[in-house]
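Here is how the chains run, residue by residue.
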Amino acid sequence: MLRATLGRIPNSRVLSTRRHASTLANSSYKVVVIGGGPGGLSVSSTLSQILGSKNVAVIEPSNVHYYQPLWTFVGGGLKDFDQSKRDMGDVISKDVDWIQKSAAGFEPDKNMVILNDGQKVGYDYLVVAAGIQTNWGDIKGLKEALGKDCVTSNYSADSVQRTWEFINNFKGGNAIFTMPSTAVKCAGAPQKIMYLAEEQFRRNGVRENANVIYNTGTGRLFGIEKYAKTLSKICKERDITVNTTTELTEIRADNREAVFKTTGPNGSEEKVYNYDFLHVTPPMGAPDFIKKSPIADKAGWVDVDAATLQHTKYSNIFSLGDCSSCPTGKTAAAITSESHVVKRNLLSLMAGKELTAKYDGYTSCPLVTGRNKLILAEFSGYSSKPLETFPINQAQERSSMYQLTAHVLPEFYWNGILKGIWHGPGFFRSILNPSGGQN
């Protein structure tokens, strides 16, 4: 039913044997999608069914697809790491040609994508869903310290598998959790693992020996006031120290020291903390190959109209997800709504029709605050107002929202988003909670 709203799906599907990179380079497609994440797969799955096999290609180098929202649960000892991954070949539609290489640049005036080996792929239409770049090297000493001696990060497939070990073995001292001032994937994730860790310290009987500290380079605990109030209350009740405008710049692993730059009304200064556990959220930004290309805005993101997600200069280019210039949260939830807009508008463009689908900035951040406790933040990153699906106050900790996030949403992801048949809860919100929780 959802696909039918996007366009007519051919009655007879031609089953294709997927061709791989060596035979695809220097080819041309009706639609080329850069990125095998949720945005790229949602778009390519639907369009390949509508346009038929051999018309859509996905450029993606990785053999593995990760459901990264599950890594909070992995790091908190609540899920197994293997539950977060699938073989890339199993999640890419069989009607899509998979170019297993990296994109390295663009020639938009020639409708060409340049691959990392110098070969080129042509397109009639291009969808850029390349995600966000994790800049581990921007923090001095982080690469060398990561995954060792109680330094970890849930943003790495390797180190997330050490997070629970370090948390469970913690005996006391400073447990520090960091958040950079840059854009990041799921801005709530840096503190979600903190709440799970603090709870485990209590379960292990070491909480009275622990100083739990959240140092964020931003100016507040969370960007949306409704949820920030609840989170601030939780931190106060659980004796968690929150320091704003305090950004990690260096790790001195030999001395177990973390160096922060603090910014105040009188300028900035350096502050050094000793740590006994350190969870780092690394700085992130636009991928380098996009940043240096002609399709980027001044900040390095793909320059698109915030409503239609069409490029501001090249009308046959669209972008969604973390690499786009949309000023909203960089989450999988945002991608669900964005993918629907991209697909509708791209098909309208192909048909010579007006682009009528509009993205409202919807995103969501399920804020885990403990075992069986979660605040389901849903909001527009454009208006900073709640866009809540359920007719309850979602700023309260609830077991039901935890169960939804931990057990139901992963199924929606694997069997809905990646297959292009789940476009977010907007329809259900219009029935259950038309005000979106703004009353």
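Residues numbered from 1 in each chain as written. Predicted model: local features only at pLDDT ≥ 70, side-chain atom pairs only at ≥ 80, totals over all residues. Heavy atoms only, no water.

Right, let's talk about the environment of P61 for a bit. Within the secondary structure layout, P61 lies in the loop between β2 (56-59) and β3 (64-66). What makes P61 partly exposed here is its relative accessible area of 38%. Placed 344 residues apart in sequence, P61 and T405 show a C-alpha to C-alpha distance of 29 Å. Excluding residues that lie within four positions of it along the chain, P61 makes contacts with Q100, K101 and S102. (Helix = DSSP H or I, 4+ residues; strand = E, 2+ residues; numbered from the N terminus. Buried < 20%, exposed > 50% of the residue type's maximum accessible area, 1.4 Å probe, protein only. Contact = heavy atoms within 4.5 Å.)

Moving on to the nonpolar core. Counting 70 residues, the largest nonpolar core has F106, V113, L126 and V128 as its most contacted members. Counting residues per element, this core draws most heavily on helix α10 (residues 332-350), which supplies seven residues. Among all residues touching F106, those that are not within four sequence positions of it are I34, M112, V113, I114, L126, V128, F289, I290, S293, P294 and I295. (Core = buried A, V, L, I, M, F, W, Y, C linked by side-chain atoms within 4.5 Å.)

What follows covers unusual backbone geometry. Even without glycine at this site, K54 takes up a positive phi of about 70°. Mapped onto the secondary structure, K54 falls in the loop between α2 (38-51) and β2. The class of K54 is partly exposed, set by a relative accessible area of 45%. The phi torsion at D239 lies on the positive side, around 55°, for a residue other than glycine. Topologically, D239 is positioned in the loop between α8 (225-237) and β13 (241-243).

The next point concerns the environment of K343. In this fold, K343 is placed in helix α10. Considering only alpha carbons, one finds K343 and L47, 296 residues apart in sequence, at a separation of 7.4 Å.

Once that is clear, we can look at the packing of aromatic side chains. In this structure the tally under the stated criterion is 18 aromatic pairs. Judged by centre distance (6.2 Å) and plane angle (65°), the rings of Y67 and W414 are edge-to-face. Taken together, the residues Y67 in the loop between β3 and α3 (71-75) and W414 in helix α11 (residues 399-417) connect sequence positions 347 residues apart. Residue class for W414 comes out buried when judged on its relative accessible area of 6%. Taking the centre distance of 4.3 Å and the plane angle of 25° together, the rings of F170 and F201 count as stacked. A residue pair is termed long-range when its members are at least 10 positions apart, and F170 in the loop between α6 (160-168) and β11 (173-179) and F201 in helix α7 (residues 189-203) qualify at 31 residues. By relative accessible area, F170 is classed as buried at 4%. Take F201: its relative accessible area is 0%, and that puts it in the buried class. An aromatic cluster is defined as three or more aromatic residues linked by ring pairs; in this entry it consists of F412, W422, F427 and F428. (Phe/Tyr/Trp six-rings, centres within 6.5 Å; stacked < 30°, edge-to-face > 60°.)

All right, on to the pairing of strand β15 (residues 257-264) then. Sheet topology note: the strand β14 (residues 246-252)/β15 ladder contains six bridges and is antiparallel. Opposite E247, over in β15, you have K261 as the bridge partner. With eight bridges connecting them, β15 and strand β16 (residues 267-274) associate as antiparallel partners. Note on β16: the bridge partner recorded for E257 is N274. In sequence, β15 turns back onto β16 through a hairpin of two residues. (Pairing = 2+ DSSP bridges.)

Our next topic: the sheet that holds β16. Pairing is antiparallel in the open sheet, where three strands are placed in the order β14-β15-β16. Two strands in the sheet have a free side with no partner beyond their single neighbour: β14 and β16. Averaged over neighbouring strand pairs, the angle between their axes works out to 25° when direction is ignored. (Axes fitted to C-alpha atoms, helices over the stretch in contact; angles between N-to-C directions.)

A separate point is the UniProt feature "domain: FAD/NAD(P)-binding" (unreviewed entry) in the protein chain. Sequence positions flagged by UniProt for "domain: FAD/NAD(P)-binding" (unreviewed entry) are, in local numbering, residues 29-148. Along residues 29-148 the backbone is 22% helical and 32% strand, and the end-to-end C-alpha distance reaches 45 Å. (UniProt positions renumbered as here; feature names shortened; annotations may be inferred.)

Taking strand neighbours across the sheet as the criterion, the five strands line up as β10-β17-β11-β12-β13 in an open arrangement whose pairing is parallel. Bordering the open sheet on either side are β10 (151-152) and β13, each of which pairs with just one other strand. Of the strand pairs in this sheet, β10 and strand β17 (residues 277-279) are connected by two bridges, and their pairing is parallel. Counted as the bridge partner of V151 is L278 from β17.

It is worth spelling out α2 at this point. Between its terminal C-alpha atoms α2 stretches 20 Å, which fits the 20 Å expected from 14 residues at 1.5 Å a residue. Of all 14 residues in α2, 13 are buried; the element is thus mostly enclosed. Trailing α2 by a residue or two, G52 shows a phi angle of about 95°, which is positive. (Expected span 1.5 Å × (residues − 1).)

This part takes up α11. In α11, a bend of some 40° at V408 exceeds every other bend along the element, and P410, a proline, comes one to four places later. Listed as buried for α11 are M401, Y402, T405, A406, P410, Y413, W414, G416 and I417. (Bend = angle between axes of the 7 residues up to and from the residue.)

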